[in-house]
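So the chains spell out like this:
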Amino acid sequence: MHDALIRIAAVLADPGAPGATAEIDAVRARWKGLDAAERAALTPLAKLAAERVAAAAAAARPSLFDLPPVAAGPPAPVAPVDPPADGPPAPAEPASA
């Protein structure tokens, strides 16, 4: 049971770690060797750890809404804007009442 607790605690500390799935699999592999009382005590923690590993894996996968990566580099040059040939517009005259 101590080994299972250590593995579950490691997963809960960092569910996105590269070895988190392997730790959960190791707990599952030794599950039948635990007493019924030990399994009952560890079940909520093991389920929580497995859910967090699944959530971390899902968050790491790109979704359909993720933008494609943009190559870093200098910004593209912007063409200068020429002023109008006839100059700026004249100010509007106030309306008389």
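Preceding this section is the structure that the text describes.
In what follows, the accompanying structure is described. (Residues numbered from 1 in each chain as written. Predicted model: local features only at pLDDT ≥ 70, side-chain atom pairs only at ≥ 80, totals over all residues. Heavy atoms only, no water.)

A look at helix α1 (residues 2-13)
We apply this condition: Secondary structure counts use DSSP, requiring at least four H or I residues in a row for a helix and at least two E residues in a row for a strand, with both numbered from the N terminus. By this rule, a helix spans an expected 1.5 Å times one less than how many residues it contains. The buried label goes to any residue with under 20% of its type's maximum accessible area, the exposed label to any with over 50%, and the partly exposed label to all in between, with areas taken from a 1.4 Å probe on protein chains only. The reported arc concerns the directions from the helix axis to the C-beta atoms and nothing else. By definition in these notes, contact holds between two residues if any of their heavy atoms fall within 4.5 Å.
The end-to-end C-alpha distance of α1 is 16 Å, a good match for the 16 Å that 12 residues give at a rise of 1.5 Å each. Those residues of α1 that fall on the buried side of the exposure criterion are A4, I8 and V11. Within α1, the buried residues cover an arc of 60° as seen down the axis, which keeps them to one side. In α1, the exposed positions angled more than 90 degrees off the buried face are occupied by H2 and A13. Next to the buried residues of α1 lie α2 (20-29) and α3 (36-60).

A closer look at the pattern of salt bridges
We apply this condition: Every case where a carboxyl oxygen of Asp or Glu lies within 4 Å of a side-chain nitrogen of Lys or Arg is listed as a salt bridge.
Evaluated as defined, the whole model comprises four salt bridges. Between R7 and D3 there is a salt bridge, and its shortest N-O distance comes to 3.0 Å. Note that R7 and D3 are positioned in helix α1 at a spacing of four residues, about one turn of the helix. Across the pair D3 and R30 runs a salt bridge, and its minimum N-O distance is 2.5 Å. Linking D3 in helix α1 with R30 in the loop between α2 and α3, this pair joins segments that are 27 residues apart in sequence. Via salt bridges that share partners, D3, R7, E23 and R30 belong to a single interconnected network.

Comments concerning α3
Given 3.6 residues to a turn, an α-helix orients residues that are three or four positions apart in the same direction. As a reminder, the rule being used: Fitting axes to the seven residues that end at a residue and to the seven that start at it, the angle between those axes gives the bend at that residue.
A rise of 1.5 Å per residue sets the reference length of α3, with its 25 residues, at 36 Å; its end C-alpha atoms lie 35 Å apart and thus fit the reference within 8%. Of all the bends in α3, the largest measures some 45° and sits at L42, one to four residues before the proline P44. Turning to α3, its buried residues are L42, A46, A49 and V53. Each element contacted by the buried residues of α3 is listed here: α1 and α2.

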